[in-house]
Amino acid sequence: MSITQYHVLDTYRARQLGEPDPPAPGAHDWQVIRELGDHRRFRAVLVGRPAHGRLRQALGRWLRRRPRSTR
């Protein structure tokens, strides 16, 4: 079954039972992505790593250790 078919089936069941309709698929995707980022920053703080700028620091370390060509 596709996700749309599951949603239609859940909506049908909810209406049969007099419950509110479930949210449409993908309705809360951005909220989930934001919460995942918050959770990753929280875990980083618990472990003792910086919560912000980790990607930029990693890229900076990677770029500084590479030998640069002199022309």
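Just so you know, these numbers come straight off a predicted model, no measurement behind them. (Residues numbered from 1 in each chain as written. Predicted model: local features only at pLDDT ≥ 70, side-chain atom pairs only at ≥ 80, totals over all residues. Heavy atoms only, no water.)

Chemist: Pulling in residues and values, what's your account of the side chain of threonine 11?
Modeler: By the secondary structure assignment, threonine 11 is in helix α1 (residues 3-17). For threonine 11, the contacting residues outside a window of four places in its chain are Asp21 and Pro22. (Helix = DSSP H or I, 4+ residues; strand = E, 2+ residues; numbered from the N terminus. Contact = heavy atoms within 4.5 Å.)

Chemist: Before we move on, could you go through the pattern of salt bridges and cite the residues and values that matter?
Modeler: On inspection of all chains with the given rule, the structure shows two salt bridges. A salt bridge links arginine 15 to aspartate 21; the nearest nitrogen and oxygen atoms lie 3.1 Å apart. Looking at arginine 15, the relative accessible area reads 59%, which means it is exposed. Given a relative accessible area of 41%, aspartate 21 falls into the partly exposed group. (Salt bridge = Lys/Arg side-chain N within 4 Å of Asp/Glu carboxyl O. Buried < 20%, exposed > 50% of the residue type's maximum accessible area, 1.4 Å probe, protein only.)

Chemist: Describe the environment of proline 25, and please don't skip the residues or the numbers.
Modeler: Residue position: proline 25 is located in the loop between α1 and α2 (29-47). Judged by its relative accessible area of 40%, proline 25 is partly exposed. Measuring from C-alpha to C-alpha, the distance between proline 25 and isoleucine 3 comes to 7.2 Å, with 22 residues separating the pair along the chain. Not counting residues within four places of it along the chain, the set of residues in contact with proline 25 comprises Ile3 and His7.

Honestly, that's just the spatial picture; any functional story needs more than this.
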